[in-house]
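Observations on the model geometry
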Amino acid sequence: MRISAFIVFLLISLSAFSQKKTALITGKVIDENEDPLPKVSIVILGKQSGIITSDSGTFRMVVPAGKPFALIFSHAGFRDLQKSFLLNDGEEENQVFRMNREGKTLETVTVKDERQRTEAGLIKINPKEAVLAPTATGGVEGLIKILVGSNNELTSQYSVRGGNYDENLIYINDFEIFRPYLVSNAQQEGLSFINPELTGSVSFFNGGFQAKYGDKISSVLDIQYKKPVKFGGSAYVSLLEQGISLEGINKKKNVTWLIGARNKSNRNLLSTQETKGNYIPSASDAQAMLSWKIKPGLQLELLGIYSQSDFKFQPESAQKTSSVFSPFFTANLGLDIFFQGQENDQYRNNLLGLTLHQSINEKLKLKWMVSRFEDKEQENFDISGAYLFGERSFDKSQPGFGQITNPLGAGVFQDFARNNLKIQVFDFAHKGYLALGNHYVQWGAKWEHQLIRDRINQWEMQDSAGYSIPFNPNEIRLQNVIKSSNNLNTDRYEGFVQDNINLGNLRNEITLQAGVRFNYDALNHQFLVSPRTQLSLKPDWNRDVVFKIAAGVYDQPPFYREYRRPDGTINKNLKAQKSLQFVAGFDYNLVYGDRPLRITTEVYYKKLSDVVSYDIDNVRIVYSGENDARAYAAGVETRFYTQLVKDAESWLSINIGHTMENLNNDFYYQYKNAEGEIINANTVDKVVADSVRQNVGWIRRPSDRLVTIGLFLQDYLSTNKNFRVFVNSIYGSNMPYNIPGNARYRNALILEPYFRVDVGFSALLLSEKSIRRSHSPFRSFDNIWASLEVFNIIDRDNIISYQLIKDFANNVFTIPNRLTPRLVNFKILARF
C-alpha cells in the first residue's frame, strides 16, 4: 500500500514538474484621457492569437514565466503599444496601460487578392522585402532567384523551369525591358532596371501565363510602379550601393510624381575573387514617372529611365587550384597566371514611354502607349597573360609551399576585342478592357520597329611551349576570330484577345481564362498563332483549396542574339522557338498550430520544337543561329508559405525538374585498330583500321538541374520585433558544362552543386514618428533601419565555369572558376 501511494505521489510530482511555468498579468487599458478602452487586442509578440479587453478596459492573461516576452496592445485609431516582461513562476503583475491616438485616422479596407491563387504560375512578391533581404545583387530579382534557383550571385538574371536568361519577359508599367547583350561575365553587370524603392506591386509568372503577356517561353515579371498619394521618400547607403527616391502629389490631386536615383559599385565584392587586379566597376541610373489627370476619365503617364554602367579592369595575377582524385592519379593541380593589359566596357540604355489612359465608362477602359528603347554597348579589351600549370605543393614544411613544384604545361595567350552594339526599339501599342457581366474581355495590338547596328572584331591567340596553337611553321594562327558588320532594320506585329469568364455558382468558384496571340516577324516572314487557356476551381469544401490547370502554345520569335551565329553572320531564315506547355496544381490554405500555412504545388511539362541550341559561359549565351534541336522540360514545384512569427512571412521553395535536348546531326566517330580495339590514350596500336558512327541522342541542356531548394526566412526577437534577422539560402544540384565544338562531349563536364547562405541582421533605429518632439532633427522620418549583412556566410567555393588547359602531352585539364567568398556589408535605410 505504501509502495502504491509512493508511486502515485511520484507520478503527481513529475506531472506537476513537467507542466509549463506560467505567470499572470492583469490590468486596465486606458486612453490619453484616462477613459477605459474596450475591445483592445492583446497578443504575445510572435503569436497569432490572444485576448481582448472587456467593456471596462480590464483584462486577465496567463503568460509564460521564466523567460522574456512582450505584449502588443492594438486598437483601431491608436498606435500599437509594446511592453516587455520577465516574470517568475506563479508571479502576478498588475499594471495600467495607456494608449495614444494616431495623429490622423484613416479608414482602411483589407482586400484579399485571390488572383494569385487562381492564376497558374503566379507568385506575388512584396517589394519591401526586396530592400531588406540580404542579397549580393539586391532588388526584386534577388528574391526571384530564391524561388526559381540560381548558380551565380553576381547576376540579376535567372532561369526558370529549364529555360535560359533570354526566355524571360520583364515589364515595367506594361513597357518591355531588355537585358544587356555583350555582357559576358556577371561582374560586368550594373544595376537592375527595376528600382525596388519605386515599385508598388510585383507579379511573377513562372509558366502557363495568359495570352495578354508577350512572346517568350519561360516566365513573366510584371512590375507596376507606385501611385503616390502623399509626399514621401527614402534614402539608403551601403558599402555596395546608394540610392534616393522621392514621391508626391500636388494640391489639386491631379498630378503625381515619382523619381529615384541609384549608384552601385561592386569593387569590394569583386576584389575577393581569384583573379587579382584593379577593379573599377561603376553603375548609376535615374528613373522618373509623372502622371497627369487631365480630366475625369483621361490620364497621361510618362515613364523615363536612364542607366549607365562602366567596367574597368586591369588584371594582375590569378592563382587557381583543382584537386584530382582517381585510382591512377591523385594531385593538387594549380594554375598561375600573370596578366598584362586592361578591359574597358561601357553600357548605356534608356527608355522613354508615354501612356494615355481613357476611361470611357465604368465598363470600358482604353490604353494607348508609345515608347522608345535604346541600348548602346562597347566591349573593349586587350589582355595578355603567361601561365604555368602543374602540381601545387601544400606541404607547409617545404619551402615551395603554395607554389607549382611539378610543371605540366606553360604558355602565353592574348584576348582582344573591339565590339560595338547599338539597338533601338520603337513601339506603338493599344490595349482595351471591357467588363460584360461574367466576362472580362481584354485585347491588344502592337507595332514594333527594330534598328540594330553591330560591329564585331575579336580574336584569341594561344602559344603553348613555344608553339602557336593551331601550329603552322609559316605563320601565326589566331583562334576564334570573329569579324563582322551587321545592320538590321525590321518590323514586328503582335496582338492578343482574351476573355476572363466567371463560371461559378453558389457552391463552387470557377474561372476560365481563354485567349489567343498572334505575331508576325517581317525579317523571317513567319506568322504565329498561340492559343492559351487557364481554368481554376475552388470547390465548396470545408478546406480552403483551389485547383488550377493551364495549357497553351508559347512561341518565342528570335531577337538579334538568336539570329547571330557564332561566326558573327546573321541567319535571316531562323524561325521562332515553339513550346507546348501543360501546368496543373493546387493552392491550399490552412492553419498549422497557431500559424497560417499556404502550400502551392504545380506539375509542369514543356515540349519544345525548332529549338536554337546554345552554349553558356558565366552569363554569356552563344546561340548556334540554327533551328537545330528539339527539347523538353518536366518537373514539379512545391512552396510553403508561413509566418514563424506574426507579420513576418517566410517561404520554402522546392523544385525537382529535368530538361533534355536532342540536336540534329550530332554524332561522332569511334576509331578502331586492326584488332577491333577502340583507340584511346591507353591503346598501344593507334593505327586506324575501322570507324563506327555514334549518334549522341538526348543529352542534358545547359540549364538542366535536378533539384533546386530556396529558403527565405524572417524572424525577430521575442521581446522586440524591431530587431529582425533575414536568411536567404539557395541550393542547386549539379549542372552540365559544355566543351565548345565537341559533339561527343557536349555538356559532358559537371559544375558541382551550388550552395549559398546570406544572412542579414536589421534593427529599427527610429519609429513612432508622431511622438517625437517638434524640434527633433528626425521629426520628418517615418523609420530608419540599420542592417548588417553577411554574404556567403558558410564561405563556400561555388564554381561558375571551367578553364580548359593543355599540358605538354596535349592532355586537357579543367581548372574551375570560382565565385565570391564570404563578405560583410553594412546598410542604412531611412524612409520619410
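**Brief notes about the overall build of the protein chain**
A count of helices and strands for the protein chain gives six helices and 42 strands. Buried residues in the protein chain amount to 49% of all 832 residues. For the protein chain, the share of sequence-separated contacts (at least 6 apart) that also reach a separation of at least 24 residues comes to 67%. Total accessible area on the protein chain stands at roughly 39800 Å², and carbon and sulfur atoms take up 56% of it.

**Concerning the side chain of Gln556**
Along the chain, Gln556 turns up in strand 26 (residues 544-556). Excluding anything up to four places from it in sequence, Gln556 contacts Asp166, Glu167, Asp215, Lys216, Ile217, Glu562, Ala576 and Gln577.

**A few points about unusual backbone geometry**
The phi dihedral of Lys39 is positive, around 60°, even though this residue is not glycine. Note on placement: Lys39 falls in the loop between strand 1 (22-30) and strand 2 (41-44). Assessed through its relative accessible area of 53%, Lys39 is described here as exposed. Even without being glycine, Asp795 reaches a positive phi, approximately 55°.

**Considering the pattern of salt bridges**
For the structure on display, the rule yields 34 salt bridges. Here Arg517 and Asp215 are joined by a salt bridge, their closest N and O atoms 3.2 Å apart. In this pair, Arg517 sits in strand 24 (residues 509-521) while Asp215 sits in the loop between strand 11 (199-205) and strand 12 (219-225), placing the two residues 302 residues apart along the sequence. Salt bridges here are not isolated pairs; linked through shared partners, they connect Glu176, Asp215, Asp427, Lys446, Glu448, Glu494 and Arg517.

**A word on the packing of aromatic side chains**
Under the definition given, this model contains 28 aromatic pairs. Centroid distance Phe85 to Phe97: 6.5 Å. Interplanar angle 70°. Geometry classified as edge-to-face. Separated by twelve residues along the polypeptide, Phe85 in strand 6 (residues 81-85) and Phe97 in strand 7 (residues 92-98) bring together distant segments of the chain. The pair Phe85 / Phe97 is uniform in exposure class, with both members buried. Look at Phe178 and Phe559: their rings are 5.5 Å apart centre to centre, the planes differ by 20°, and that puts the pair in the stacked class.

**Side note on the environment of Glu343**
Mapping Glu343 onto the fold places it in strand 18 (residues 330-359). For Glu343, the residues in contact, after removing those within four places along its chain, are Gln188, Phe311, Lys312, Phe313, Asn380, Phe381 and Ile383. At 2.5 Å, the side chain of Glu343 and the side chain of Gln188 are in polar contact.

**Considerations on the nonpolar core**
Grouped together as the largest cluster of nonpolar side chains are 79 residues, with contacts concentrated most on Ile172, Phe204 and Leu221. Broken down by element, this core gets its largest block of residues, six residues, from helix 4 (residues 139-148). Residues in contact with Phe204, not counting those within four places in the same chain, are Gly121, Leu122, Ile123, Ile125, Ile144, Val148, Tyr158, Val160, Ser219, Val220 and Leu221. Core analysis: the second largest hydrophobic core is formed by 20 residues, Ala23, Val29, Leu37 and Val63 among them.

**A closer look at the environment of Ala631**
Mapped onto the elements, Ala631 comes out in strand 29 (residues 620-645). By relative accessible area, Ala631 is classed as buried at 3%. Put simply, Ala631 and Lys607 are 24 residues apart on the chain and 6.3 Å apart in space, counted from C-alpha to C-alpha. Ignoring anything within four residues of it in the chain, the contact list for Ala631 reads Lys606, Lys607, Leu608, Val611, Met660, Glu661, Trp698 and Arg701.

**Looking at the sheet that holds strand 9 (residues 168-172)**
On the basis of which strands lie adjacent, the open sheet formed by five strands has the order 8-11-12-9-10 and mixed pairing. Where the open sheet ends on each side, the last strands, each with one partner, are strand 8 (122-125) and strand 10 (175-176). Of the strand pairs in this sheet, strand 9 and strand 10 are connected by two bridges, and their pairing is antiparallel. Residue pairing for strand 10: Tyr171 is matched across the bridge by Glu176. Strand contacts of helix 4: strand 8, strand 11 and strand 12, with the helix running at about 140° to strand 8, the strand carrying the most contacts.

**A word on the side chain of Ser393**
Tracing the sequence through the fold places Ser393 in the loop between strand 19 (364-392) and strand 20 (404-436). In this structure Ser393 comes out as buried when scored by relative accessible area, which is 13%. With residues up to four places along the chain from it excluded, the contact list for Ser393 reads Gly400, Phe401, Gly402, Gln403 and Thr405.

**Some points on the sheet that holds strand 6**
Strand pairing within a sheet occurs via backbone hydrogen bonds; the two strands may be parallel or antiparallel. Taking strand neighbours across the sheet as the criterion, the four strands line up as 3-2-5-6 in an open arrangement whose pairing is antiparallel. Each having just a single partner strand, strand 3 (51-52) and strand 6 make up the two edges of the open sheet. Sheet analysis places strand 2 next to strand 5 (residues 69-74), joined by four bridges and oriented antiparallel. When the sheet's bridge partners are listed, Ile42 is paired in strand 5 with Phe73.

**Details of the pairing of strand 1**
Counting buried residues in strand 1 gives seven out of nine residues, a clear majority hidden from the surface. Inspection of the sheet shows strand 1 paired to strand 4 (residues 58-64) by seven bridges, in the antiparallel sense. Within strand 4, the position partnered with Leu24 by the bridge is Val62. Note: strand 1 against strand 7, seven bridges, orientation parallel. Considered in strand 7, the bridge of Leu24 is made with Glu92.

**Considering helix 4**
Buried residues dominate helix 4, accounting for ten of its ten residues. Three or more residues of helix 4 are buried, namely Gly139, Val140, Glu141, Gly142, Leu143, Ile144, Lys145, Ile146, Leu147 and Val148. Following helix 4 by one or two positions, Gly149 adopts a phi angle in the positive range, close to 95°.

**Quick look at the environment of Phe640**
Looking at the element boundaries, Phe640 is found in strand 29. Residue class for Phe640 comes out partly exposed when judged on its relative accessible area of 30%. Note: C-alpha distance between Phe640 and Tyr588 (52 residues apart in sequence) is 9.8 Å. Sequence-distant contacts of Phe640, that is, excluding residues within four places in its chain, are made with Leu597, Arg598, Ile599, Ser650, Trp651, Leu652 and Ile654.

**Quick word on the confidence of the model for the protein chain**
Per-residue confidence for the protein chain averages 84 on the pLDDT scale, and 89% of its residues sit at or above 70. With pLDDT under 50 throughout, residues 103-112 is counted as low confidence; its partners more than four residues away or in other chains account for three contacts. Across residues 325-329 the pLDDT falls below 50, and counting only partners more than four positions away or on other chains, this stretch makes three contacts in the model.

About the thresholds
Residues numbered from 1 in each chain as written. Predicted model: local features only at pLDDT ≥ 70, side-chain atom pairs only at ≥ 80, totals over all residues. Heavy atoms only, no water. Helix = DSSP H or I, 4+ residues; strand = E, 2+ residues; numbered from the N terminus. Buried < 20%, exposed > 50% of the residue type's maximum accessible area, 1.4 Å probe, protein only. Contact = heavy atoms within 4.5 Å. Areas by Shrake-Rupley, 256 points an atom, 1.4 Å probe, with all protein chains shown as cover. Salt bridge = Lys/Arg side-chain N within 4 Å of Asp/Glu carboxyl O. Phe/Tyr/Trp six-rings, centres within 6.5 Å; stacked < 30°, edge-to-face > 60°. Polar contact = N/O pair within 3.5 Å; in protein donor to acceptor, adjacent residues only side chain to side chain. Core = buried A, V, L, I, M, F, W, Y, C linked by side-chain atoms within 4.5 Å. Pairing = 2+ DSSP bridges. Axes fitted to C-alpha atoms, helices over the stretch in contact; angles between N-to-C directions. pLDDT = per-residue confidence, 0-100.

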